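The chain contents come next:
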Amino acid sequence: MPYSPMQLAEAFVKTGELADALDALNQQLDEYPQDKDARRLRIDVFLRLGGDGDDYLHYALADITALGAMIVDDYQRLSVLEERLGNVDKAIAAMVKARQLSPDNERLTERLLNLLMSQKKYDEALKLVQEQEQSWRWLQYEGDLWVLIGDDAQAVIVYQAVLAQLEKYHGVMRADYLQATKARVILALAHALRRLKQISSAREHYQLAQTLLPKDPTIAFNLGLLDALSDNLERSISRCNAALENAPILLRDEMLNSIRDNATYRVLWAKLSDE
């Protein structure tokens, strides 16, 4: 018994033979233009072929329009398409509609949040996050958003709440994942404390992060920045230079650039960039 074009298309998609899958889907839709499953599969194929040119993305948009009534997954597809075409505001609008159909879907919320953050719509992103359950995952985002907004004092409060929640996950969360998550939050907290010039507390948290990430040169570099804040320029230069020597070149450039335009570290940056 011969396979239908739809069956062939599904098989070709599984094996990654996208051109053959597209031919089979074209045959299926020529014969059955109301076949929404075939149309959705063709959209997915166009998305995977989209790296070969924007034409595929526009073909996918035409297929989405032809669907008529849209379900959650269709709005997700539309959002991805619009983002890849550079229409991020339209991508955001599509995710808003997707969440209206499935408001408790965390995956949709996270994608909408990332799109808002990519457009620096921090107030909207913060409102979205604060509407979610106040778990450590969402609180991490909230802390990051307070940093982007410029309120380090509020970020400190939120990051401390994240760490308090994470303490309850020992023996529950996979140990390496828990350690990496804690290290990331401790570092974010230390950075916020440094910017607030709470030197003693910032040093304590950088040192704690260093016990979790002993090979991370950025921690030693930031401890050097604390020395500069403590008016110990000689020690700051020594510590920062040692950190820079232990860092890959791209990270070294990133570390230097992080203080380049900061008036607080103008003298330090001049010394480090001359050496």
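Quick summary incoming for the structure in this document. (Residues numbered from 1 in each chain as written. Predicted model: local features only at pLDDT ≥ 70, side-chain atom pairs only at ≥ 80, totals over all residues. Heavy atoms only, no water.)

**A short note on the packing of aromatic side chains**
The description of an aromatic ring pair uses the distance of the two centres, along with the angle that the planes make with each other.
Alright, step 1. Using the criterion set out here, one finds six aromatic pairs in the structure.
Alright, step 2. Judged by centre distance (6.1 Å) and plane angle (35°), the ring pair of F46 and Y56 falls under tilted. Separated by 10 residues along the polypeptide, F46 in helix α3 (residues 36-49) and Y56 in helix α4 (residues 54-67) bring together distant segments of the chain.
Alright, step 3. For F46, a relative accessible area of 6% corresponds to the buried category.
Alright, step 4. For Y56, a relative accessible area of 25% puts it in the partly exposed group.
Alright, step 5. A centroid spacing of 6.5 Å and a plane angle of 65° characterise the contact between W136 and Y177, whose relative ring orientation is edge-to-face. Note that W136 is positioned in helix α9 (residues 136-149) and Y177 in helix α11 (residues 175-195), a separation of 41 residues in sequence.
Alright, step 6. Owing to a relative accessible area of 45%, Y177 belongs among the partly exposed residues under this scheme.
Alright, step 7. Clustering of aromatic rings is evident, with ring pairs tying together F46, Y56 and Y59. (Phe/Tyr/Trp six-rings, centres within 6.5 Å; stacked < 30°, edge-to-face > 60°. Helix = DSSP H or I, 4+ residues; strand = E, 2+ residues; numbered from the N terminus. Buried < 20%, exposed > 50% of the residue type's maximum accessible area, 1.4 Å probe, protein only.)

**A look at the environment of R203**
Alright, step 1. If you trace the backbone, R203 turns up in helix α12 (residues 199-212).
Alright, step 2. Through-space distance from the C-alpha of R203 to that of G224 is 9.8 Å; in sequence the pair is 21 residues apart.

**Quick notes on the side chain of D227**
Alright, step 1. By the secondary structure assignment, D227 is in helix α13 (residues 217-229).
Alright, step 2. With residues near it in sequence (within four places) discarded, D227 still touches R203, N232, R235, S236 and R239. (Contact = heavy atoms within 4.5 Å.)

**A few points about the environment of G224**
Alright, step 1. By the element assignment, G224 lies in helix α13.
Alright, step 2. According to the relative accessible area criterion, G224 is buried, its value standing at 0%.
Alright, step 3. It is 5.2 Å that separates the C-alpha atoms of G224 and C240, two residues lying 16 residues apart in sequence.
Alright, step 4. With near-sequence residues (within four places) excluded, G224 lies in contact with S236, R239 and C240.

**A look at α3**
Alright, step 1. Between the first and last C-alpha of α3 there are 20 Å, a value that for 14 residues agrees with the 20 Å anticipated at 1.5 Å per step.
Alright, step 2. Counting buried positions over the 14 residues of α3 gives 10, a clear majority of the element.
Alright, step 3. Among all positions in α3, only A38, R39, R40, L41, R42, I43, V45, F46, L47 and L49 are buried.
Alright, step 4. Packing partners of the buried residues in α3 comprise α1 (5-15), α2 (18-31), α4 and α5 (72-84).
Alright, step 5. Measuring from the backbone nitrogen of D37 back to the side-chain oxygen at the start of α3 gives 3.2 Å, which picks out D35 as the cap. (Expected span 1.5 Å × (residues − 1). Polar contact = N/O pair within 3.5 Å; in protein donor to acceptor, adjacent residues only side chain to side chain.)

**Description of the nonpolar core**
Alright, step 1. L113, F221, L268 and L272 are the most contacted members of the largest nonpolar core, which totals 87 residues.
Alright, step 2. For this core, the element with the highest residue contribution is α11, accounting for nine residues.
Alright, step 3. In contact with L272, not counting residues within four places along its chain, are F221, I237, C240, N241, L244, L256 and I259. (Core = buried A, V, L, I, M, F, W, Y, C linked by side-chain atoms within 4.5 Å.)

**Some thoughts on helix α10 (residues 152-166)**
Alright, step 1. Relative to the 21 Å expected for 15 residues at 1.5 Å per residue, α10 spans 21 Å between its end C-alpha atoms, a close match to the ideal helical length.
Alright, step 2. Considered for burial, the residues of α10 that qualify are D152, A155, V156, V158, Y159, V162, L163, Q165 and L166.
Alright, step 3. Packed against the buried residues of α10 are α9 and α11.

**What to know about the packing of α5 against helix α7 (residues 106-118)**
Alright, step 1. Taken N-terminus to C-terminus, the directions of α5 and α7 make an angle of 20°; their axes are 12 Å apart at the nearest point. Taken together, α5 and α7 sit at an angle that is classed as roughly parallel. Regarding α5 and α7, the two cross each other, and that crossing is left-handed. Residues V72, Q76, S79, V80 and E83 of α5 form the contact with α7, whose participating residues are R107, L108, R111 and L115.
Alright, step 2. Tallied by class, the residues present in the contact of α5 with α7 amount to four nonpolar, two polar and three charged. (Axes fitted to C-alpha atoms, helices over the stretch in contact; angles between N-to-C directions. Parallel < 35°, antiparallel > 145°, perpendicular 65-115°, else oblique. Left-handed = near helix turned anticlockwise from the far one by under 90°. Nonpolar A, V, L, I, M, F, W, Y, C, P; charged D, E, K, R; others polar.)

**A look at the pattern of salt bridges**
Oppositely charged side chains can pair when the atoms bearing their charge come close.
Alright, step 1. A complete count under the given rule lists 17 salt bridges for this structure.
Alright, step 2. Note that R195 is salt-bridged to D152, the shortest N-O span being 2.8 Å. Separated by 43 residues along the polypeptide, R195 in helix α11 and D152 in helix α10 bring together distant segments of the chain.
Alright, step 3. Note that D227 is salt-bridged to R239, the shortest N-O span being 3.2 Å. Within this pair, whereas D227 is found in helix α13, its partner R239 is found in helix α14 (residues 233-245), the two being separated by 12 residues in sequence.
Alright, step 4. The exposure class of D227 is buried, given its relative accessible area of 3%.
Alright, step 5. The partly exposed category is assigned to R239, whose relative accessible area is 22%.
Alright, step 6. Among the charged side chains, a salt-bridge network with shared partners connects R40, D44, D74 and R77. (Salt bridge = Lys/Arg side-chain N within 4 Å of Asp/Glu carboxyl O.)

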